[in-house]
Amino acid sequence: MAGRIRSTVPLVRKALSSDSRSALFSELSRNYATAPAKEQKVKVPVTMYGVSGNYASALYIAAVKANTLEKVESELLDLIEASKTSPKFSQFMKDLSVPTDTRVKAMTDISGQAKFGDLTKNFLVVLAENGRLKHINAIAKRFAELTLAHKGELKATVTTVIPLPPDEEKELKETLQEVMGKGKKVNIEQKIDPTILGGLVIEFGQKVFDMSIRTRARQMERLLKEPINF
C-alpha cells in the first residue's frame, strides 16, 4: 500500500505544476468598510470560487485595507460558534422566507450586542440583504483560509487509505511549497478513508486533486460503457 502512495507522489507534482494559477481577484465593487482606508491594491493570496469564495475574497480585501484581518476573522468565528449552540438561530440564517428587513435588523442587533466592528457588521448586513446568510459557515471557512495564506501558511488535507509515510509526507509538502512559492509554510492534515481504495486526494484552498483508485475505477467504468464506433 505504501508503494502505491509513493508512486502517486510524482503524479501529484506533475498535476500541481501544470495547474496554472489564474489571476487573483481584483477588488469587488462593493466596499464593506464604513470609511475607506488609504487606497491600496490588495490581492487575495489564494484564488477562491463560488458564492462563498467571492464573498470571502471581498471581505478579505476590505479587511486588509482596514487593517482588521484578525479581528474580522475572530468575529466571524464567534458568530459560527454561536450558531452551533443555537439551532433556532442557525435555522433563521438558512430560512429564505424571512423578510429581508427582519434579517437585516437581526444581524444589526446581533452585531451590536456582540460588539462587532463596523466591517463585520456591514458585511453581515450585506449577506442579509442578498439572502446569503445561509453561506456564512462556508464564507467563514474560506476567509480563515485566506487569513492563513496571508500569513504565508497553507493548509492541505491529504486523504489516503493508510497513514502517509513520513518520507512521502515530506516529499508532498516540498511539492506543495514549490508550487506555492518560496516563503510559504505548508501544514498537512492527514485523513484516512478506506473507501478511496488507494492513491491520494489532496485538497488545499478550493482546489481538489483526486488521484484515488476509486475515482480512476469510476472513470474506467464510464469509458467501458461508452459505445464503440468502428
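Throughout, a residue's number is its position along its own chain's written sequence, starting from 1. Local features in a predicted model are, by the rule used here, given only for residues with pLDDT of at least 70; side-chain atom pairs are given and counted only at 80 or more, and totals for whole chains, interfaces and linings are based on all residues. To obtain the side-chain values, all non-hydrogen atoms of the structure were used and water was disregarded.

(A) Structural view of the overall build of the protein chain. Helix and strand content of the protein chain: 9 helices and 4 strands. Across the protein chain, helices and strands are ordered from the amino to the carboxyl terminus as α-α-α-α-α-α-α-β-α-β-β-β-α. Accessible area is worked out with a 1.4 Å probe on protein chains only. A residue is then buried under 20% of its type maximum, exposed over 50%, and partly exposed in between. Taking all 230 residues of the protein chain together, 40% fall into the buried category. Contacts are assigned to residue pairs that have any heavy atoms within 4.5 Å of one another. Summarising the internal contacts of the protein chain: among those between residues at least 6 apart in sequence, 71% fall at separations of at least 24. Only runs of H or I of at least four residues qualify as helices and only runs of E of at least two qualify as strands under DSSP, and these elements are numbered from the N terminus.

(B) Quick look at the environment of Q40. Relative to the elements of secondary structure, Q40 occurs in the loop between α1 (2-18) and α2 (50-66). With a relative accessible area of 34%, Q40 lands in the partly exposed category. For the pair Q40 and V64, spaced 24 residues apart in the sequence, the C-alpha separation amounts to 9.5 Å. If we skip the residues at most four places from it in the chain, Q40 touches V64 and K65.

(C) Structural detail: the confidence of the model for the protein chain. Confidence scores per residue from the predictor, reported as pLDDT, run from 0 to 100. Mean pLDDT over the protein chain works out to 79, with 79% of the residues at or above the 70 mark. Counting interchain partners and residues more than four positions distant, the pLDDT-below-50 stretch residues 1-5 has 13 contacts. For the stretch residues 15-35, pLDDT sits under 50, and the model shows 48 contacts to residues farther than four places along the chain or on other chains.

(D) Main features of the pairing of strand β3 (residues 199-204). Of all 6 residues in β3, 5 are buried, a share of seventy percent or more. In this description, strands pair whenever DSSP reports at least two bridges between them. For strand β1 (residues 153-160) and β3, the ladder comprises 4 bridges, and the chain directions are antiparallel. What sits directly across from V158, in β3, is I202. Pairing of β3 with strand β4 (residues 207-212) involves 6 bridges; the strand directions are antiparallel. Looking across to β4, one finds that V201 is bridged to D210.

(E) How the structure looks around helix α6 (residues 118-129). Expected span of a helix: the number of residues minus one, times 1.5 Å. For α6, built from 12 residues, the straight-helix expectation of 16 Å at 1.5 Å per residue is met to within 8% by its first-to-last C-alpha distance of 16 Å. Residues of α6 that are buried: L119, T120, F123, L124, V125, V126, L127 and A128. Downstream of α6 by a residue or two, G131 has a phi angle that is positive, lying close to 65°.

(F) Broad picture of the nonpolar core. The biggest cluster of nonpolar side chains holds 39 residues, and the ones touching the most others in it are Y60, L127, I136 and F143. At the level of elements, α2, α3 (69-85), α4 (87-94), α5 (100-114), α6 and α7 (136-150) are the ones that each hand at least two residues to this core. At 8 residues, α2 tops the list of elements feeding residues into this core. The set of buried Ala, Val, Leu, Ile, Met, Phe, Trp, Tyr and Cys residues whose side-chain atoms join them within 4.5 Å is what this entry labels a nonpolar core. L164, I188, F209 and M211 belong to the second-largest nonpolar core, a separate cluster that totals 13 residues.

(G) How the structure looks around the pattern of salt bridges. The term salt bridge refers to a pairing of a side-chain nitrogen on Lys or Arg with a carboxyl oxygen on Asp or Glu at a separation within 4 Å. Tallied over the full model, the rule gives 6 salt bridges. Notably, a salt bridge pairs K170 with E174, separated by 2.6 Å at the nearest N-O pair. Note that K170 and E174 are positioned in helix α8 (residues 166-180) at a spacing of 4 residues, about one turn of the helix. Since its relative accessible area comes to 51%, K170 is described here as exposed.

(H) Fine view of the packing of aromatic side chains. Stacked, tilted and edge-to-face pairs are distinguished by plane angle, under 30 degrees for stacked and over 60 for edge-to-face with tilted covering the rest, among Phe, Tyr and Trp rings (Trp via its six-membered ring) whose centres lie within 6.5 Å. Counted according to the given criterion, the structure contains 2 aromatic pairs. Geometrically, the ring pair formed by Y55 and F123 is edge-to-face, given 6.2 Å between the ring centres and 70° between the ring planes. Taken together, the residues Y55 in helix α2 and F123 in helix α6 connect sequence positions 68 residues apart. Judged by its relative accessible area of 14%, Y55 falls in the buried class. Ring centres of F89 and F92 lie 6.5 Å apart, and the angle between their planes is 20°; on these two criteria the pair is classed as stacked. Pair noted here: F89 and F92 are both in helix α4, with a separation of 3 residues, about one helical turn. On the basis of relative accessibility, which here comes to 14%, the residue F89 falls in the buried class. Under the relative-accessibility criterion, F92 is labelled buried at 18%.

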